[in-house]
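Listed below, chain by chain, are the residues.
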Amino acid sequence: MADRSSTDTFERTRRRFARRQRAGRRRRWLTALVVAVALALVVGVTWLVFFSERLAVQGVEVRGTESLSAGEVRSAADVPTGEPLATLDLAAIEARIETLAAVREVDVSRQWPDSVLVVVQERVPVAVVSIGGEFRGLDAEGVVFDRFRRAPAGLPRVEVTADVADDALVEAAAVVAALPADLAARVDHVEVRTVDQVTLELRDGRTVRWGSAEDSEQKAEVLAGLLEAQQAPIYDVSAPGQPTVCTQPAVCGDS
């Protein structure tokens, strides 16, 4: 009986060992299979994204243009069609589009599976300035852009001397942008000599010495009250806390 019991115990032990071996082999095979499938997926996705024509650039969509044409933006963007969409240098494309003077901001994004979306925010003119015999748009940041055959109605003109610095144009733009609509409509043109010498010439012939763009909102408020309170040829709001009105231009100094 003892021998038979020992034999049974040995047989049970052998079968348990055999089962463990088979289970271990199955786990190894399953692990190998999972790894192989994962590698195949990685290789497949890599090929699809970086080498397949299915995810290559086929077109460029442009939104937000008004003065610019979509064709001008596409030409500046110079997006390489046929190249993998995943590897496009979006920052470089944006930088190329930003070389267009009329572009204030631009956002370039991938549109899967095969296109690029360009959303443009154009500059908006607040005034028109004559440079080299051309009428150019001037935006609120003082950037000169766009060209007009004639000065657009409704936009104040900015007149500058030949040697005026760029920062003086920035000041003039800031002044015009700060004017409320009703006051801006009364301005014929803005004269700019230096950053501290900005003058408004009103359509009715009156002159406003504005100074710099600093405190422009306060200056506009003060000026509105002066124009209503007193008729005079020259107003000075360069120091809005102490505005002055000149009724005799001959004794008011250089206007």
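For every chain, the first residue of its written sequence is number 1, and the numbers climb from 1 along that sequence. Local features in this predicted model are restricted to residues whose pLDDT is 70 or higher, and side-chain atom pairs enter the listing and the counts only when it is 80 or higher, whereas totals over whole chains, interfaces and linings include all residues. Side-chain metrics in this entry use all non-hydrogen atoms of the structure; hydrogen atoms and water are not considered.

Note that the residue after W112, namely P113, is joined by a cis bond; omega there is 15°. Inspection of the secondary structure puts P113 in the loop between β2 (103-111) and β3 (115-122). Positive phi is not limited to glycine here, since D78 has a value of about 50°. With respect to the helices and strands, D78 occurs in the loop between α2 (70-77) and α3 (90-97). For D78, a relative accessible area of 52% corresponds to the exposed category. Residues other than glycine seldom take positive phi values, yet D146 does so here, at roughly 60°. Helix numbers and strand numbers start at the N terminus; a helix is a DSSP run of H or I with at least 4 residues, a strand a run of E with at least 2. Summary of the burial criterion: residues with accessible area below 20% of their type's maximum are buried, those above 50% are exposed, and those between are partly exposed, where the area comes from a 1.4 Å probe applied to protein chains only.

Turning next to the pairing of strand β5 (residues 134-139). Two strands pair under a simple rule: DSSP has to find at least two bridges between them. Across 6 bridges, strand β4 (residues 125-131) lies against β5 in antiparallel orientation. Pairing of V128 across the sheet is with G137, part of β5. Between β4 and β5, which pair antiparallel in sequence order, lie 2 residues; one of them, G132, sits at a positive phi of approximately 60°. Of the strand pairs in this sheet, β5 and strand β6 (residues 144-148) are connected by 4 bridges, and their pairing is antiparallel. Considered in β6, the bridge of F135 is made with F148. Remark: 4 residues form the turn of the hairpin made by β5 and β6, two consecutive strands paired antiparallel; G142 in that turn has positive phi of roughly 85°.

Here we come to the sheet that holds β2. Strand pairing in a sheet relies on backbone hydrogen bonds. The paired strands run either parallel or antiparallel. Strand order in the open sheet formed by 3 strands is β1-β3-β2, with mixed pairing between adjacent strands. The open sheet is flanked by β1 (59-63) and β2, the only strands paired with a single partner. Across the sheet, the mean angle from the axis of one strand to that of its neighbour is 20°, orientation sign disregarded. As defined by bridge partners, β1 adjoins β3 across 5 bridges and the pair is classed as parallel. If you follow V62 over to β3, its bridge partner there is V118. Against the sheet, α2 engages β1 and β3, with an angle of about 125° to β1. Here, two residues are considered to be in contact whenever any of their heavy atoms come within 4.5 Å of each other. Axis lines are fitted through C-alpha atoms, for helices just across the contact stretch, and the angle between N-to-C directions can take any value from 0 to 180 degrees. Relative to β2, α3 is tilted by about 150°, and along the sheet it contacts β2 and β3.

Function-wise, these values are silent; they only describe arrangement.
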